[in-house]
Amino acid sequence: MNRCRKKFAKPSFRLAGYGTRFLPVTKAIPKEMIPIVDKPVIQYIVEEALQSGIEEILIITGHGKRAIEDHFDTNIDLELQLRQQGKTRLLRMVQDISSINVHYIRQKHMRGLGDAIRCAESFIDNEPFAVLLGDDIVYEPERPALRQMIEAFSEVGSTLLGCQEVPLDQVSRYGIVHGLPTKDERIVRLIDMIEKPSVDEAPSRLAALGRYILTPDIFEILRRVQPGKGGEIQLTDALRLMADREGVYAYTFTGTSYDAGNKLGFLKATVEYALRRDDLGHDFKAYLNDLLKG
């Protein structure tokens, strides 16, 4: 696992860094800072990385994302207030957040996920690294999705995509993998990858869900990728080129996935995380039952 100790989560970007699906709230607040219950989306992702053994975190930010840096920074005034009020549990919580070792690089031009990854080249230091997207949350309390992938990476030693099967009528929302089976039923070798195919075009129901472990070879390949629609450099194009010359694999991780960049996915995550809470779950479930009874 120590071969993959460096990681960065890239907040997603649309319309120069604003999440258009969540306007008007994202006019002033980064989409990644919208809370699920009482914790911002990006904190769930950072915590998954830490629980998976990641030691260094780089967040690729953009215009309007300063609130992310503030969230993981020290807030002396807040800590003093909590200490004076004797709220030791809350004090410990905010201190734990600010103790996380986070670095930042700003993506100056919104040119796609591939370009965001290129921004991190000097940080990676020629080591394998993980990428977690800022929209995708996975609930798996026993074995975090990224930890599963790090263990699988130790077997294949090559670039690895985190995937799950999605319903056939949802394949057009994702990058869909065409792969060959291996001796491990959770791992397939990538032959091709089709971005948001129609149901008829989809080679499988295996969708890439915002988790990658990449080898440093990806940077040389990204430099060769030609910009596509909107001038964006797509990671999918780079992975297809990489698969032509070396092994690229897709791993089916376990856990419940939520697309927090989608309103319905965000609402599902909010409800289900609230129901799991010891301090909220019982009362919230009772409320929902009463609501359904009308």
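The present account deals with the structure reproduced in this document. Numbers given for residues are sequential positions, taken from 1 along each chain in its written order. The model is predicted, so local features are restricted to residues of pLDDT at least 70 and side-chain atom pairs to those at 80 or more, both for listing and for counting; the totals for chains, interfaces and linings are taken over all residues. Computation of side-chain values: all heavy atoms of the structure, hydrogens and water removed.

A word on the overall build of the protein
Turning to step 1, where the next piece is worked out: The helix and strand labels rest on DSSP assignments: H or I over at least four residues marks a helix, E over at least two residues marks a strand, and numbering proceeds from the N terminus. Looking only at helices and strands, one finds 11 helices and 13 strands in the protein.
Turning to step 2, where the next piece is worked out: Atoms counted for the radius of gyration: C-alpha only. Globule rule: 2.2 Å times residue count to the power 0.38. A compact globule built from 294 residues should have a C-alpha radius of gyration of about 19 Å, and the protein, at 20 Å, falls within 12% of that.
Turning to step 3, where the next piece is worked out: Along the three orthogonal principal directions, the C-alpha set of the protein runs to about 60 × 50 × 35 Å.
Turning to step 4, where the next piece is worked out: Every one of the 294 residues in the protein was classed for burial, and the buried ones make up 47%.
Turning to step 5, where the next piece is worked out: Contacts were defined at the residue level, with two residues in contact if any of their heavy atoms lie within 4.5 Å. Here the analysis covers contacts within the protein between residues at least 6 apart in sequence; of these, 74% occur between residues at least 24 apart.
Turning to step 6, where the next piece is worked out: Only the protein chains shown count as cover for residues, and the accessible areas themselves come from Shrake-Rupley with a 1.4 Å probe. Total accessible area computed for the protein in this model is approximately 15,200 Å², and 49% of it derives from carbon and sulfur atoms.
Turning to step 7, where the next piece is worked out: Positive and negative charge centroids in the protein, built from 40 and 42 side chains respectively, lie 3 Å apart. Any residue under 20% of the maximum accessible area for its type is buried, any over 50% is exposed, and the rest in between are partly exposed; the area is computed with a 1.4 Å probe on protein chains only. Positive: Lys, Arg. Negative: Asp, Glu. His and the chain ends are not part of the count. In plain terms, the charge of a residue is placed at NZ if it is Lys, CZ if Arg, CG if Asp and CD if Glu.

A word on the environment of Gln107
Turning to step 1, where the next piece is worked out: Within the secondary structure layout, Gln107 lies in the loop between strand 5 (102-106) and helix 5 (113-118).
Turning to step 2, where the next piece is worked out: Taking the C-alpha atoms as reference points, Gln107 and Ile117, 10 residues apart in sequence, are found 9.4 Å from one another.
Turning to step 3, where the next piece is worked out: The definition of a polar contact used here is a pair of N or O atoms within 3.5 Å, where within protein one atom must be able to donate a hydrogen and the other to accept one, and adjacent residues in sequence count solely through side-chain atom pairs. A polar contact is formed between the side chain of Gln107 and the backbone oxygen of Gly112, at a distance of 3.3 Å.

Examining helix 11 (residues 281-293)
Turning to step 1, where the next piece is worked out: If you check helix 11, its first and last C-alpha atoms are 18 Å apart, about what 13 residues at 1.5 Å a residue would give, namely 18 Å.
Turning to step 2, where the next piece is worked out: Phi for Gly294, located one or two positions after helix 11, is positive at around 80°. Here the expected span of a helix is defined as 1.5 Å times the quantity of residues minus one.

With respect to unusual backbone geometry
Turning to step 1, where the next piece is worked out: Following Leu23, the chain continues into Pro24 via a peptide bond in cis, with omega recorded as 10°.
Turning to step 2, where the next piece is worked out: Tracing the backbone through its elements, the reader meets Pro24 in the loop between strand 1 (6-10) and strand 2 (35-36).
Turning to step 3, where the next piece is worked out: Even without glycine at this site, Asp125 takes up a positive phi of about 60°.
Turning to step 4, where the next piece is worked out: Structurally, Asp125 can be placed in the loop between helix 6 (121-124) and strand 6 (129-133).
Turning to step 5, where the next piece is worked out: According to the relative accessible area criterion, Asp125 is exposed, its value standing at 53%.

Structural notes on the packing of helix 10 (residues 263-276) against helix 11
Turning to step 1, where the next piece is worked out: It is at 7 Å that the axes of helix 10 and helix 11 come closest, and there the two elements cross at 130°. With respect to their mutual orientation, helix 10 and helix 11 come out oblique. Contacts from Val271, Ala274 and Leu275 of helix 10 reach helix 11 at Gly281, Phe284, Lys285 and Leu288.
Turning to step 2, where the next piece is worked out: Gly is put with the polar residues, along with every residue not named as nonpolar or charged; the nonpolar set is Ala, Val, Leu, Ile, Met, Phe, Trp, Tyr, Cys and Pro, and the charged set is Asp, Glu, Lys and Arg. Classifying every residue of the contact of helix 10 with helix 11 by side-chain character gives 5 nonpolar, 1 polar and 1 charged. Angles run from 0 to 180 degrees between N-to-C directions of axes, and those axes are lines fitted to C-alpha atoms, restricted for helices to the stretch in contact. Under this scheme an angle from 65 to 115 degrees is roughly perpendicular, one under 35 degrees roughly parallel, and one over 145 degrees roughly antiparallel; angles in between are oblique.

Quick word on the environment of Gly64
Turning to step 1, where the next piece is worked out: Tracing the backbone through its elements, the reader meets Gly64 in the loop between strand 4 (56-61) and helix 2 (66-71).
Turning to step 2, where the next piece is worked out: Placed 34 residues apart in sequence, Gly64 and Pro30 show a C-alpha to C-alpha distance of 6.7 Å.

Notes on the nonpolar core
Turning to step 1, where the next piece is worked out: Take the buried Ala, Val, Leu, Ile, Met, Phe, Trp, Tyr and Cys residues and link them wherever side-chain atoms come within 4.5 Å; each set so joined is a nonpolar core. If you look at the biggest cluster of nonpolar residues, it comprises 46 residues, and the most contacted ones within it are Ile36, Ile57, Phe72, Ile137, Leu146, Leu160 and Ile213.
Turning to step 2, where the next piece is worked out: The next biggest cluster of nonpolar side chains, apart from the first, holds 34 residues, and it includes Ile117, Phe123, Ala238 and Ala250.

Quick word on the pattern of salt bridges
If charged atoms from side chains of opposite charge come close, those side chains can pair.
Turning to step 1, where the next piece is worked out: Note on definitions: salt bridges are taken to be side-chain nitrogens of Lys or Arg within 4 Å of carboxyl oxygens of Asp or Glu. As enumerated under the stated definition, the model contains 16 salt bridges in all.
Turning to step 2, where the next piece is worked out: For Lys65, the salt bridge identified is with Glu32, shortest N-O distance 2.8 Å. One end of the pair, Lys65, is in the loop between strand 4 and helix 2; the other, Glu32, is in the loop between strand 1 and strand 2, and 33 residues separate them in sequence.
Turning to step 3, where the next piece is worked out: A salt bridge links Glu165 to Arg205; the nearest nitrogen and oxygen atoms lie 3.2 Å apart. Of this pair, Glu165 sits in strand 8 (residues 159-165) while Arg205 sits in the loop between strand 10 (187-195) and strand 11 (206-214), placing them 40 residues apart in sequence.
Turning to step 4, where the next piece is worked out: Owing to a relative accessible area of 34%, Arg205 belongs among the partly exposed residues under this scheme.

Considering the environment of Arg106
Turning to step 1, where the next piece is worked out: With respect to the helices and strands, Arg106 occurs in strand 5.
Turning to step 2, where the next piece is worked out: Relative accessible area serves as the criterion here: at 44%, Arg106 is assigned to the partly exposed category.
Turning to step 3, where the next piece is worked out: The spacing of Arg106 and Pro167 is 61 residues in sequence and 36 Å in space, taken between C-alpha atoms.
Turning to step 4, where the next piece is worked out: Non-local contacts of Arg106, meaning those with residues more than four positions away in its chain, are made with Thr61, Gly62 and His63.

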